[in-house]
Structure formats: structure tokens, C-alpha cells
Number of protein chains: 2
Amino acid sequence: MLRRSERLAAMAKMLSDRPYCVLPLAEFAERFGAAKSSISEDLAIIRSVFEKMGLGRVETLAGAAGGVRYIPIVSPERILETVQTLCQELSDPKRILSGGFVYMSDITASPALMSTVGEIFATRFASVAPDVVATIETRGIPIALMTAKAFNVPLVIVRRASRATEGTVVTVNYVSGSAKRIETMSLSRRALQPGQRVLIIDDFMKAGGSARGLVDLVGELRAETVGIGVLVETDQPRQKLVREYCSLIVLDEVDVEKKLVRVRPSDWVAALSSGREQKTLH
Amino acid sequence: MLRRSERLAAMAKMLSDRPYCVLPLAEFAERFGAAKSSISEDLAIIRSVFEKMGLGRVETLAGAAGGVRYIPIVSPERILETVQTLCQELSDPKRILSGGFVYMSDITASPALMSTVGEIFATRFASVAPDVVATIETRGIPIALMTAKAFNVPLVIVRRASRATEGTVVTVNYVSGSAKRIETMSLSRRALQPGQRVLIIDDFMKAGGSARGLVDLVGELRAETVGIGVLVETDQPRQKLVREYCSLIVLDEVDVEKKLVRVRPSDWVAALSSGREQKTLH
């Protein structure tokens, strides 16, 4: 039998480890050897402190399927702070590669940073309630996985080549915006069910060719794209091959001669600081 | 100013969100407007309940670089339970694909399952203290990312083809054990520093060709492989191309005719139930 203070520490960890997962009060009551009324009081304390400290929301659900769940919500201030840190990192001229590319594999594979980015996308797309997060290999996988974790939904990885280990696959061709080449992407038939709501997450968008391909592929499997989130988009071309998407960072320019990378927070992120979007976040 | 009960909930979440990360006591004291002595008492409570409930270890580090950190430790019982669940899932005959492959992309991309597997590898390899986790694209990335997250170290993704977005790369050829073909893998020079301790994590090992290639690549960059962990290995061939590695699951046989997949917990996992290895885990 544990004291209240001990229960609070354990419950806070258990809730936040499993976002969007409904945990029955009875389970806590049994595990801690406490009355359900005590557990309810504990949850009220956790809810209040998480809110005060900007650590996310704790929701109690009534009824037969009732229980409690943790919803990760990143505050506008922390979104801004994270995006500004990323912008500063990305604008380091040492990142410029020949061909005018910017090295960002260390950032897109950083577990700590991508955890936060995943929670930012879960905050941004909370209202669309996806059943699945999808991405195309390779560099977007860590961001997409962390987004899927924050939503407690499966991740689906679309492959650039079809593999025997994927079983029957559906393949679509798409025009790679950057290389202006016809490329192929494929997904196992088993990975998506008709009618599922799919959130597409990727690390980078130039013309939007891969995002367009992903939307088409999702459609081929009779599932529905409910949102597209990318970490970095390029300012040019303005006209992307997908209409609605949300980026966190805009890459304006890479000047190899002057050793300059110009990046900035996206319009969505910038709007957070003016407070215009704060309502939709809470 | 928060009450102790509130501080405990918030601190438990903050610690467990950032495993292996040393958080100075002064930071907590400031953030919560509490005396350092109160924070110390809070931490003692969190440490004790995490231990009782098998939620991991909370360590206090003295001295100038002092503070507190959370070490994820999965108990032997929970490792067994997780591996048994995975074995049951994998032995579903519906997973058999033509060619005798077993479909496992849904498992290797499950955020909840791979979080636990990542913490299991962090438990298993705690003593080797890696600086970096490395994997080869694609299917091993979620496991490797979650392992890197549990260790609070960067993830390094080795590519099968070199990309312009990776800058200067080092490339090695290796013999793919399954296909008996010469294949190529490459890694950005920027991704690994000489002397870094690398933990290699992958989803699957047959002959061990990719693991061998990864070890060679790590060596080329004058870093050091300190451990190899794989989710599933095949029973045959017995003789792998790497000597020391740890798997969680052994795939004994896929019988396409009889619609049978035979899998079992690896020797390391099986030994946990006999209690032989429990000491090294605590």
C-alpha cells in the first residue's frame, strides 16, 4: 500500500508514458490498493499541476469505457522555443554541403528533439484524430514515429522499393519535385485499412512530390489523408503539389558562396507568438 | 508555489521524459519555488516508489556536475512478458508471406511496443554506456530510435545508398547473408566521431551480414562497436558473421505448407526467468 505522494509520482509517469491511452480507474485502484475515490482525487492533483506547468492535459472519461488519459499538449511558448532552437541549429554555415544541400540528419535523428517535434505535431493535429501516421523512408521516420507515439497510433512506413518482406504491395509513381524524376513508392496492403484516417509526416518538402505521392497511395488503399505535417519546407517553389499542409520551419535560401543558410519559423509557428492561434491549442 | 504532492507528479514526469539526462537540483528548486532540501526529499520518495513499482531507477549524483537522473530499467518479468507477447504475435500464421517471409513491419513500427523494446535494450546494454546508437535503414529505425531515446544519445542511420544530403560519406561493401549478394552501405563522415562508443541495433539477423558491415563501417570511422542488439534472429545459420550480439527472439522455422511460424524467446531472455541474469540487471 502506497502513500498518496508515492501514488502521484507513479501515476504521473504511467499516464505520460502512454499518451491517448485510456487507463481505467479500477486498474489504478487495484494496482495501488487504494479506493477509486482516492484515485480520482490523485488525478485531480495531477491534472492541475500538469496544466499549471504546461506538461499536457489529463482527461477523465466517464461511462463504461471510462478512465483517464494523458494528452500531450505543447504550449505555444515551448513550440516557439523549440522551433527557434532548430532554426539556430540549421543556420549554422558548417551545415552547407556541396550542391547547396543542408546537412540535417543529426537533427532529424535526435531522439530528444524529435520527441518534442512529435508532440508538437500531435498538438497541431489533435483535432483531426488520426488512426495512423504515415511517412516515406528514411529521414522522416524518427519524426513520424514520435508523432505516432504521441497519438498512440501505429506508424506506417512507405518504402521506395517494394520488398519481399512486405507481402502484396500497392505501388504508385510520383514525380520527385527536386530531381524531376519519376520515382516509385509502395506500401504493404496489410498496413492500411480502408477508411482509416491518415496523418502524413515528413522531414522535408520542396515541391511536395513525395507528399502528393503519399496522398495518392493512401487514396489507392481507400484510406483518407487528414493532415500533412513537415519539419522543414523550402520557400521556393511557392506552389506545392499538395494544398494543405503544416510546416514548422521555412528554408528561404542557401547561399554556398556567402556561406549562409536562411531559415525562419513557418507562418503557423509565427502566428503562435501573436497569440492568434492560441485558442485552437487549448 | 506548489504543494509537495503536486511537485512529485510534475518531477516524476520530467525525470522520466528525459532518461539519462542529469537535471540539477537547483533547476527543480527554482522552477518549483522550493528549497533544495525539499526537492531532495521529493526525489527520495520518487526513487522509492519507482523502485517498488518496477518503473526504473532514480539516481542522485553528487558534486559540481551533480543532480538527478532517471535510468529506465525494465524488470526481468516485464522483459519476459513483452517477449512472450511478441512471440505470440509473430507466430500468427496469417503473417506468412510468399517466399517464407514473416510479415513484421507492423510490429517493428509500433511506437508502444518499440518503446518497451528500446528500454529493454537500454537495460541489457546499460553497462556498455554507448555514446551513439547506429542502425541501417529501414525497418530497424524505430527500435534503434527508441533505444537511443532510452539512453539519451544520438541515433545514426546508415544508408543503403549514398545521398547528396549526407555530405561526404564512407562506404563499405558487405555480403548480404540472405541474398548472398554484395551490397553497399554508407554513412556521413559527420555522423560519427573517432573513439565514440557505438551500440548497433537492428530488427532482424539471419547470417549477420548487415551487422558485420555496420561493425566494419564503425571501424572505418575509428569508432568502436560496444554491443549489437537485434529483435529477431533466425536459428539458422547458427554461425553468424558477428560473434557477440544479443537477440530477444529466435525464429526457428517457417513452414509455408503447414502454415506454421515457430518462434521462441532467445537464450538471454529465457535465462532471465531462471533468475540467473537478474543480478546484472539491478
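Values in this document were obtained by computation on a predicted structure and should not be read as measured data. (Residues numbered from 1 in each chain as written. Chains lettered and ligands numbered in written order. Predicted model: local features only at pLDDT ≥ 70, side-chain atom pairs only at ≥ 80, totals over all residues. Heavy atoms only, no water.)

### As for the relation of the copies chain B and chain A
Point 1. Rotating chain B by 180 degrees about the axis while translating it 0.0 Å along that axis superimposes it on chain A, leaving an RMSD of 0.0 Å. Classification of the inter-copy transformation places it as that of a two-fold axis.
Point 2. Here 100% of the interface residues in chain B have copies in chain A that are interface residues too; the copies meet face to matching face. (Least-squares fit on C-alpha atoms with pLDDT ≥ 70 in both. Contact = heavy atoms within 4.5 Å.)

### Comments concerning the sheet that holds strand β4 (residues 155-158) of chain B
Residue and element names in this part refer to chain B.
Point 1. Sheet architecture is open: 6 strands sit in the order β4-β3-β7-β8-β9-β10, paired in mixed fashion. Two strands lie at the open edges of the sheet, namely β4 and β10 (260-265), each paired on one side alone. For this sheet, the mean inter-axis angle between neighbouring strands, taken without regard to orientation, is 25 degrees. (Pairing = 2+ DSSP bridges. Helix = DSSP H or I, 4+ residues; strand = E, 2+ residues; numbered from the N terminus. Axes fitted to C-alpha atoms, helices over the stretch in contact; angles between N-to-C directions.)

### Side note on the sheet that holds strand β10 (residues 260-265) of chain A
Residue and element names in this part refer to chain A.
Point 1. Read from one edge of the open sheet, 6 strands run β4-β3-β7-β8-β9-β10, paired in mixed fashion. Only two strands of the sheet have a single neighbouring strand rather than two, namely β4 (155-158) and β10. Adjacent strand axes in the sheet meet at a mean angle of 25 degrees when their direction is disregarded.
Point 2. Taken together, the 5 bridges between strand β8 (residues 224-234) and strand β9 (residues 246-255) define a ladder with parallel strand orientation. In the strand pairing of β9, Val-232 is matched with Ile-249.
Point 3. Running at roughly 165 degrees to strand β7 (residues 197-205), helix α8 (residues 209-220) makes contact with β3 (132-136), β4, β7 and β8 of the sheet.

### Here we look at the domain arrangement of chain A
All names here are of chain A.
Point 1. Annotation of chain A at the domain level lists domain 1 (4-71) and domain 2 (76-281).
Point 2. A C-alpha centroid distance of 32 Å is found between domain 1 and domain 2.
Point 3. If you look at the interface, domain 1 gives 4 residues, while domain 2 gives 6 residues.
Point 4. For the pair domain 1 and domain 2, the summed buried area comes to about 430 Å², and 43% of that belongs to carbon and sulfur atoms.
Point 5. Put simply, domain 1 and domain 2 have 0 salt bridges between them. (Domains from an automatic or database assignment. Buried area = accessible area lost by both parts, 1.4 Å probe. Salt bridge = Lys/Arg side-chain N within 4 Å of Asp/Glu carboxyl O.)

### As for the environment of Asp-131 of chain B
Point 1. Inspection of the secondary structure assignment puts Asp-131 of chain B in the loop between α6 (111-124) and β3 (132-136).
Point 2. Distance in space between the C-alpha atoms of Asp-131 of chain B and Ala-148 of chain B is 9.2 Å, their sequence separation being 17 residues.

### Some words on the pairing of strand β2 (residues 67-71) of chain A
Residues in a regular strand point their side chains to alternate faces of the sheet.
Residue and element names in this part refer to chain A.
Point 1. Summarising burial for β2: 4 of the 5 residues are buried, a large majority.
Point 2. As defined by bridge partners, strand β1 (residues 57-61) adjoins β2 across 5 bridges and the pair is classed as antiparallel. Note on β2: the bridge partner recorded for Arg-57 is Ile-71. (Buried < 20%, exposed > 50% of the residue type's maximum accessible area, 1.4 Å probe, protein only.)

### A closer look at the side chain of Glu-166 of chain A
Point 1. Within the secondary structure, Glu-166 of chain A is located in the loop between β4 and β5 (169-176).
Point 2. Given the relative accessible area of 5%, Glu-166 of chain A is considered buried.
Point 3. Polar contacts involving the side chain of Glu-166 of chain A include one to the side chain of Ser-105 of chain B, which spans 2.8 Å.
Point 4. Setting aside its immediate chain neighbours within four residues, Glu-166 of chain A contacts Arg-159 and Ser-188 of chain A together with Leu-97, Tyr-103, Ser-105 and Arg-139 of chain B. (Polar contact = N/O pair within 3.5 Å; in protein donor to acceptor, adjacent residues only side chain to side chain.)

### Let's talk about the packing of helix α7 (residues 141-151) of chain A against helix α7 (residues 141-151) of chain B
Point 1. Remark: α7 of chain A packs on α7 of chain B, axes separated minimally by 10 Å, with the N-to-C direction vectors making an angle of 75 degrees. Taken together, the axis directions place α7 of chain A and α7 of chain B in an arrangement best described as roughly perpendicular. Mapping the contact onto sequence places Ile-141, Pro-142, Leu-145, Met-146 and Lys-149 of chain A in α7 of chain A and Ile-141, Pro-142, Leu-145, Met-146 and Lys-149 of chain B in α7 of chain B.
Point 2. Broken down by class, the residue content of the contact of α7 of chain A with α7 of chain B amounts to 8 nonpolar, no polar and 2 charged. (Parallel < 35°, antiparallel > 145°, perpendicular 65-115°, else oblique. Nonpolar A, V, L, I, M, F, W, Y, C, P; charged D, E, K, R; others polar.)

### Observations concerning the packing of aromatic side chains
Residue and element names in this part refer to chain A.
Point 1. Summed over all chains, the structure comprises 8 aromatic pairs over all chains.
Point 2. Ring geometry for Tyr-20 against Phe-151: centres 5.4 Å apart, planes inclined by 45 degrees, an arrangement best described as tilted. Linking Tyr-20 in the loop between α1 (4-17) and α2 (25-32) with Phe-151 in helix α7, this pair joins segments that are 131 residues apart in sequence. By the burial criterion, Tyr-20 is buried, and Phe-151 matches it. (Phe/Tyr/Trp six-rings, centres within 6.5 Å; stacked < 30°, edge-to-face > 60°.)

### Examining the pairing of β3 of chain A
Residues and elements named next belong to chain A.
Point 1. The buried fraction of β3 amounts to 5 of the 5 residues, a majority that puts the element mostly inside the structure.
Point 2. Of the two faces of β3, the one holding Val-132, Ala-134 and Ile-136 and the one holding Val-133 and Thr-135 are both buried throughout.
Point 3. The sheet contact formed by β3 and β7 spans 3 bridges and is parallel. From the neighbouring strand, Ala-134 faces β7, where its bridge partner is Ile-200.
Point 4. As paired strands, β3 and β4 are joined by 4 bridges and run parallel to one another. Counted as the bridge partner of Thr-135 is Ile-157 from β4.
Point 5. Read as a crossover between parallel neighbours, the route from β3 over α7 to β4 is right-handed. (Right-handed = clockwise from strand over helix to strand, strands pointing away.)

### Observations concerning the interface of chain B and chain A
Point 1. If you look at the interface, chain B gives 56 residues, while chain A gives 56 residues.
Point 2. When chain B packs against chain A, close to 4,700 Å² is buried across both sides, 67% of that on carbon and sulfur atoms.
Point 3. Where chain B touches chain A, the interface holds 2 salt bridges.
Point 4. For the salt bridge of Lys-52 of chain B with Glu-6 of chain A, the shortest nitrogen-to-oxygen distance reads 2.9 Å.
Point 5. Our count for the contact surface shared by chain B and chain A stands at 12 residue pairs in polar contact (both at pLDDT 80 or more).

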